[in-house]
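Spelled out from the first residue to the last, the chains are:
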Amino acid sequence: MDKKNAVVIAAVAALALLLLGFAVLRPQVKTAEENMAIITVDGKEYTRVPLSRPQTVTVRQKDGSVNVIEVTERGAVMQSSTCGNQLCVKMGEVTLDNWQFRPNQQFIICLPNRVSVELAVTE
């Protein structure tokens, strides 16, 4: 084996190691198969929260409106809102078990604050 072949083999091996390192260290991409809570504000997507990563999301708007959404492994609930009628809070929790039987199905909607929570369920 001559010097040129050794250099080519070493370069290919280094490139393979670099690509392997990148594949191992890169952040995991969320799959489309994951159940999500999709929060929108004024018709635009604000955030997506996988049910596998429970958290509380606080939506603060420039006009002073505030909505607090709790996302759990089971679903989502509007914990609180600054809206006057509190219908969104009274809607209760939308879950993987009840979304098909709820009057508004997989949505929680706060019309005064223009905030909605959709449970995106993969079947």
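Residues numbered from 1 in each chain as written. Predicted model: local features only at pLDDT ≥ 70, side-chain atom pairs only at ≥ 80, totals over all residues. Heavy atoms only, no water.

(A) Local environment of the side chain of Ser81. Its place among the elements puts Ser81 in strand β5 (residues 75-81). Here Ser81 falls in the buried class, since its relative accessible area comes to 13%. At 3.1 Å, the side chain of Ser81 forms a polar contact with the side chain of Asn113. Dropping the residues within four chain positions of it, Ser81 is found in contact with Val66, Asn67, Gln86, Cys88, Val89, Cys110 and Asn113. (Helix = DSSP H or I, 4+ residues; strand = E, 2+ residues; numbered from the N terminus. Buried < 20%, exposed > 50% of the residue type's maximum accessible area, 1.4 Å probe, protein only. Polar contact = N/O pair within 3.5 Å; in protein donor to acceptor, adjacent residues only side chain to side chain. Contact = heavy atoms within 4.5 Å.)

(B) How the structure looks around the pattern of salt bridges. Counted under the stated rule, the structure contains 4 salt bridges. With a shortest N-O distance of 3.0 Å, Glu45 and Arg48 are connected by a salt bridge. Residue classification places Arg48 among the partly exposed positions, given a relative accessible area of 42%. Arg114 is the salt-bridge partner of Asp63, the closest N and O atoms lying 3.6 Å from each other. In this pair, Asp63 sits in the loop between β3 (55-60) and β4 (66-71) while Arg114 sits in the loop between β7 (107-110) and β8 (115-120), placing the two residues 51 residues apart along the sequence. (Salt bridge = Lys/Arg side-chain N within 4 Å of Asp/Glu carboxyl O.)

(C) Spotlight on unusual backbone geometry. At Asp42, a position not held by glycine, the phi torsion is positive, near 55°. Residue position: Asp42 is located in the loop between β1 (36-41) and β2 (44-50). At Arg114, a position not held by glycine, the phi torsion is positive, near 60°. Given a relative accessible area of 33%, Arg114 falls into the partly exposed group.

(D) Expanded view of the sheet that holds β4. Taken in spatial order, the 4 strands make up an open sheet running β3-β4-β5-β6, and their pairing is antiparallel. Looking at the sheet topology across the chains shown, the edges are occupied by β3 and β6 (94-95). In terms of strand pairing, β3 meets β4 through 6 bridges, oriented antiparallel. By the bridge assignment for β4, Thr58 is matched with Val68. (Pairing = 2+ DSSP bridges.)

(E) Seen up close, the pairing of β4. Most of β4 is tucked away: 5 of the 6 residues are buried. Two elements, β4 and β5, share 5 bridges in a ladder whose sense is antiparallel. Residue pairing for β5: Asn67 is matched across the bridge by Ser81. Count of turn residues in the β4/β5 antiparallel hairpin: 3 residues.

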